[in-house]
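Chain by chain, the residues:
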Amino acid sequence: MSRVVTFDAGETLVELDLDFLAARLASRGVTCEPRALRTRLRAAWAHHDALGDVGHEARWRGLMATLLGCATDDDAVSWLWREQPRANLWRKPIAGVVAVAGELAARGVTVGVISNSEGTIAELLASVGIACGEVIDSGVVGVAKPDPRIFELALARFGGGCAPRDAIHVGDAWAADVEGALAAGWRAVWYGPRVMACARDGVFVARDPSELADVLWAEVSR
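Before going into details, it helps to say that this report is about the structure given with it. Here, residues in each chain are numbered from 1, in the same order as that chain's written sequence. In keeping with the model being predicted, local features are shown solely for residues with a pLDDT of at least 70 and side-chain atom pairs are shown and tallied solely at 80 or more, while totals for entire chains, interfaces and linings include all residues. The side-chain values count all of the structure's non-hydrogen atoms but skip hydrogen atoms and water molecules.

1. Quick word on the overall build of the protein
Rules: Labels follow the DSSP assignment, with helices taken as runs of H or I lasting at least four residues and strands as runs of E lasting at least two, numbered in each case from the N terminus. It is over C-alpha atoms that the radius of gyration is taken, and the globule rule equals 2.2 Å times the number of residues to the power 0.38. Each residue gets one of three labels from its accessible area relative to the maximum for its type: buried under 20%, exposed over 50%, partly exposed in between, using a 1.4 Å probe on protein chains only. Note on definitions: a residue-residue contact is assigned when non-hydrogen atoms from the two residues lie within 4.5 Å. All accessibility values rest on the Shrake-Rupley procedure with a 1.4 Å probe; residue burial counts only the protein chains present in the view. Neither His nor the chain ends contribute to the count of charged residues, in which Lys and Arg are positive and Asp and Glu negative. To locate a charge, the coordinates of NZ of Lys, CZ of Arg, CG of Asp or CD of Glu are taken.
Per the secondary structure count, the protein includes 10 helices and eight strands. Over its C-alpha trace the protein gives a radius of gyration of 17 Å, about what one expects of a compact globule, namely 17 Å for 222 residues. Counting only C-alpha atoms, the protein reaches 55 × 35 × 30 Å along its principal axes. Here the protein holds 222 residues, and the buried ones make up 48% of them. Within the protein, residue pairs in contact and separated by at least 24 positions form 58% of the contacts whose partners lie at least 6 positions apart. Summed over its atoms, the accessible surface of the protein is roughly 9900 Å², and 51% of this surface lies on carbon and sulfur atoms. Taking the 23 positively charged and 29 negatively charged side chains of the protein as two groups, their mean positions are separated by 1 Å.

Next comes the structure, spelled out in structure tokens:
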């Protein structure tokens, strides 16, 4: 039985808010309609994923540079990166996943968040109405996924004596979320519309909140 389930934040609990991004760009005098951003989103994520394990900032900048290529330049990307701790662009709740987390908590499972972020993800989640237990933010604790120490820290803080094998982490990034969880002895759910089939021990795949619920209910009920 899984006693602890943690969630990544970006693209798992919250997704990139394109309307908010367009408004931020407009405040700098840059016009880029949300519809135009949506047409480039798939290519932007493909570029992000192809970058591999080059670090959180480099992947973030690569994603944004591709996404904003329709209307901006590196100066705007750098400004958005500097502003990210104050005005996080990943702020649109993924309602189905938030509901799954709430159901788990209601069933007595310990729920938490482990995020590679800039130090303010707890405040951001609270501001958009998401309460998913204790938050471990790499920008606060000084260690980032896939380093297994961040998962060990989570169990030490709120695991209640849970063994690593009884903990599951849910996230969209293979290297950070899946490999990191496995390195710590956890199991992992590779989540999101960009994931692929996987036969690796300890790894489950879920492409949408319904599939995620099926996976987690099964593991919680074992």
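2. Observations concerning the packing of helix α1 (residues 18–26) against helix α2 (residues 34–50)
Test applied: Comment: axis = line fitted to C-alpha atoms, over the contacting stretch for helices; angle = value between 0 and 180 degrees taken between N-to-C directions. What sets the label is the angle itself: under 35 degrees gives roughly parallel, over 145 gives roughly antiparallel, 65 to 115 gives roughly perpendicular, and the rest give oblique. Handedness of a helix crossing follows the sense of rotation of the near helix relative to the far helix, less than a right angle counterclockwise being left-handed and clockwise being right-handed. The residue classification treats Ala, Val, Leu, Ile, Met, Phe, Trp, Tyr, Cys and Pro as nonpolar and Asp, Glu, Lys and Arg as charged. All others, Gly included, are polar.
As a packed pair, α1 and α2 sit with axes 9 Å apart at the nearest point and diverge in direction by 120 degrees. Of the possible angle classes, the one that applies to α1 and α2 is oblique. Both α1 and α2 take part in a crossing whose hand is right-handed. From α1, L18, D19, L21 and A22 reach across to α2, where they touch P34, L37, R38 and L41. In terms of residue class, the contact of α1 with α2 is made up of six nonpolar, no polar and two charged.

3. Quick word on the environment of T120
Relative to the assigned elements, T120 resides in the loop between β4 (110–115) and α6 (121–127). Using a relative accessible area of 24% as the deciding quantity, one classes T120 as partly exposed. Separated by 74 residues in sequence, T120 and R194 have C-alpha atoms that sit 26 Å apart. Each residue touching T120, except ones within four places of it in the same chain, is listed here: P85 and D137.

4. Concerning the pattern of salt bridges
The cut-off we apply is this: The term salt bridge refers to a pairing of a side-chain nitrogen on Lys or Arg with a carboxyl oxygen on Asp or Glu at a separation within 4 Å.
Tallied over the full model, the rule gives 12 salt bridges. Notably, a salt bridge pairs E83 with R86, separated by 2.4 Å at the nearest N-O pair. By relative accessible area, which is 18% here, E83 ends up buried. On the accessibility criterion, R86 (60% relative accessible area) is exposed. Its salt-bridge partner being R157, residue E134 comes within 3.7 Å of it at the nearest N-O pair. With E134 in strand β5 (residues 134–137) and R157 in helix α8 (residues 148–158), the pair connects residues that are 23 residues apart, well separated along the chain. When its relative accessible area of 44% is taken as the criterion, R157 is described as partly exposed. One salt-bridge network, held together by shared partners, links D8, K145 and D177.

5. Quick notes on the packing of aromatic side chains
Heads up, the rule is: For Phe, Tyr and Trp, rings pair up if their centres lie within 6.5 Å, where Trp contributes its six-membered ring, and each pair is then called stacked (planes under 30 degrees apart), edge-to-face (over 60) or tilted (otherwise). Charge-over-ring contacts are defined here by two conditions on Lys NZ or Arg CZ: a distance within 6 Å of the ring centre and an angle within 35 degrees of the ring normal.
The full count for this structure, using the stated rule, is four aromatic pairs. Through a chain of ring-to-ring contacts, the aromatic side chains of W60, W81 and W90 assemble into a single cluster. Sitting over the ring of W217, R107 keeps its end group 4.3 Å from the ring centre.

6. Here we look at unusual backbone geometry
For residues besides glycine, phi is generally negative; the peptide bonds are generally trans as well. A cis amide bond links K145 to the next residue, P146, at an omega of 15 degrees. Positionally, P146 belongs in the loop between α7 (138–141) and α8. At E11, a position not held by glycine, the phi torsion is positive, near 70 degrees. Its location among the elements puts E11 in the loop between β1 (4–7) and β2 (14–16). For E11, a relative accessible area of 14% corresponds to the buried category.

7. Quick look at the state of the cysteines
This is how it is decided: Two cysteine sulfurs form a disulfide in these notes if their separation is within 2.5 Å.
In the structure shown here, the tally under the stated rule is zero disulfides. The closest cysteine sulfur to the non-disulfide-bonded C162 is located on C132, 18 Å from its own sulfur. On the accessibility criterion, C162 (7% relative accessible area) is buried.

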